[in-house]
Amino acid sequence: MKTAENTRGTGSDGPRKQVLCVLCGLPAAGKSTFARALAHRLRQEQGWAVGVVAYDDVMPDAFLAGPRARPAPSQWKLLRQELLKYLEYFLMAVINGCQMSVPPSRTEAMWEDFITCLKDQDLIFSAAYAAQSCYLLTKTAVSRPLFLVLDDNFYYQSMRYEVYQLARKYSLGFCQLFLDCPLETCLQRNSQRPQALPPETIHLMGRKLEKPNPEKNAWEHNSLTIPSPACASEASLEVTDLLLTALENPVKCAEDNMEQKETDRIICSTNILHKADQTLRRIVSQTMKGAKDEQVLPHNLKLLAEELNKLKAEFLEDLKQGNKKYLCFQQTIDISDVISFFHYEKDNIVQKYFSKQH
Ligand SMILES: Nc1ncnc2c1ncn2[C@@H]1O[C@H](COP(=O)(O)OP(=O)(O)OP(=O)(O)O)[C@@H](O)[C@H]1O
């Protein structure tokens, strides 16, 4: 086994570098098609190691049994975070030049699919080692710049931010590709798929989608919008430039001044709590008004109000408790993250009640 020093190539080769690249866009925008073509081109033209992690392929089959078989929203969020944890295990192995260990707690089906995904792309292989099987990195994974392309909708900026935080934790490159495809085109492409999503899901996501906004979020500055259905290869030079920029400019780990951060956090939290309370209240009342306009049945309206108020109370309680949920990756609380998380959970609840109408 190579030592971490050797694998990172701190000799004449310079350190190996890794980039996390987030694909975002509506369902059927063409992300997976684009990701496959991109990976092929980068391997051929640049000789880079590329791993495409398609969330649809890695999430447990049980959840993909049918277009309407959706896990609870909080479960999706946990699964997404769990998948990022798996990626972290892989990245740690690459960075330290050691074998990939198995997370002690895991969703077995998802872990197996993740392993298959890496094996199929020649990034790891199984080996019998001291009578135990373990996962070793292939030469490809450790000898070249590595690009991991995360293929999911990533429609909220908070979802993409989780990936950015992972990049920051390990000083990796980070970039985003937004496939900007008109809603009508997505609906039409989706309708021709064997396992089409309900069109209302695409409409809903179209309303919720938060495009990368580098003007507002400094961390999104490495982003590129690719108009679709224009042929993706037209953007190939720009994409390569973006990836090279990300490769050469890894995210810097913010300076750790824990004491100051804690003081700032306490000062902030009182204001944040007040602001969050007002905003969540407003969102709940607007949502209830929308539900009435949609003529959700009175019994369901009552249940919806109960669920939304419970959700609001949970969010505020989380914030009061030092907001561990939001601080687990970042050191300051960003109110827009809290609101985005709330919208995400709320929309999933709402969808449940709206679909009961039909
Ligand atoms: N540039 C394109 N022109 C025409 N059709 C395309 C194009 N890109 C993808 N498609 C077709 O659109 C459909 C959806 O593509 P794809 O699976 O790549 O989308 P996606 O964004 O990954 O979807 P999802 O998010 O639901 O997984 C497929 O049938 C694919 O063949």
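Since this is a predicted model, take the numbers as computed values, not measurements. (Residues numbered from 1 in each chain as written. Predicted model: local features only at pLDDT ≥ 70, side-chain atom pairs only at ≥ 80, totals over all residues. Heavy atoms only, no water.)

1. Some remarks on the packing of aromatic side chains
Right, so step 1: The final tally for this structure, using the stated rule, is 15 aromatic pairs.
Right, so step 2: When the ring of W111 is compared with that of F114, the centres are 5.9 Å apart and the planes differ by 35°; the resulting orientation is tilted. Here W111 and its partner F114 are both found in helix α5 (residues 108-120), 3 residues apart, which amounts to about one turn of the helix. The same class applies to W111 as to F114, namely buried.
Right, so step 3: Relative to W219, the ring of Y164 lies with its centre 5.5 Å away and its plane at 45°, an arrangement referred to as tilted. In this pair, Y164 is assigned in helix α7 (residues 157-169) and W219 in the loop between α9 (199-208) and β7 (223-227), connecting sequence segments 55 residues apart. Here the two residues Y164 and W219 agree in accessibility, since each one is buried. (Phe/Tyr/Trp six-rings, centres within 6.5 Å; stacked < 30°, edge-to-face > 60°. Helix = DSSP H or I, 4+ residues; strand = E, 2+ residues; numbered from the N terminus. Buried < 20%, exposed > 50% of the residue type's maximum accessible area, 1.4 Å probe, protein only.)

2. Details of the packing of helix α2 (residues 31-46) against helix α10 (residues 236-248)
Right, so step 1: In contact at an axis separation of 12 Å, α2 and α10 are set at 70° when each is read in the N-to-C sense. Considering their axes alone, α2 and α10 lie roughly perpendicular with respect to each other. Within the contact between the two elements, α2 uses F34, L38, R41, L42 and Q46 and α10 uses S236, V239, T240 and L243.
Right, so step 2: Per-class residue counts for the contact of α2 with α10 are 5 nonpolar, 3 polar and 1 charged. (Axes fitted to C-alpha atoms, helices over the stretch in contact; angles between N-to-C directions. Parallel < 35°, antiparallel > 145°, perpendicular 65-115°, else oblique. Contact = heavy atoms within 4.5 Å. Nonpolar A, V, L, I, M, F, W, Y, C, P; charged D, E, K, R; others polar.)

3. A few points about the site of the ligand
Right, so step 1: Around the ligand, 13 residues are found, and the nearest of them are A28, K31, S32, T33 and R193.
Right, so step 2: One nitrogen or oxygen atom from the side chain of D56 is found 3.1 Å from an oxygen atom belonging to the ligand.
Right, so step 3: Burial of the ligand by the protein amounts to 65% of the accessible area it has alone, namely 630 Å².
Right, so step 4: Ranked by the residues each element gives to the shell around the ligand, the list is headed by α2, at 3 residues.
Right, so step 5: The class makeup of the residues in the shell around the ligand is 5 nonpolar, 4 polar and 4 charged. (Near = heavy atom within 4 Å. Polar contact = N/O pair within 3.5 Å; in protein donor to acceptor, adjacent residues only side chain to side chain. Areas by Shrake-Rupley, 256 points an atom, 1.4 Å probe, with all protein chains shown as cover.)

4. Concerning α5
Right, so step 1: Given a rise of 1.5 Å per residue, 13 residues ought to cover 18 Å, and the 18 Å separating the end C-alpha atoms of α5 matches this to within 8%.
Right, so step 2: Restricting attention to buried positions, one finds in α5 the residues M110, W111, F114, I115, C117 and L118. The buried residues of α5 occupy one face: seen down the axis, they fall within an arc of 160°.
Right, so step 3: Of the residues flanking the end of α5, it is D122, one or two places downstream, whose phi is positive at about 60°. (Expected span 1.5 Å × (residues − 1). Arc of directions from axis to C-beta.)

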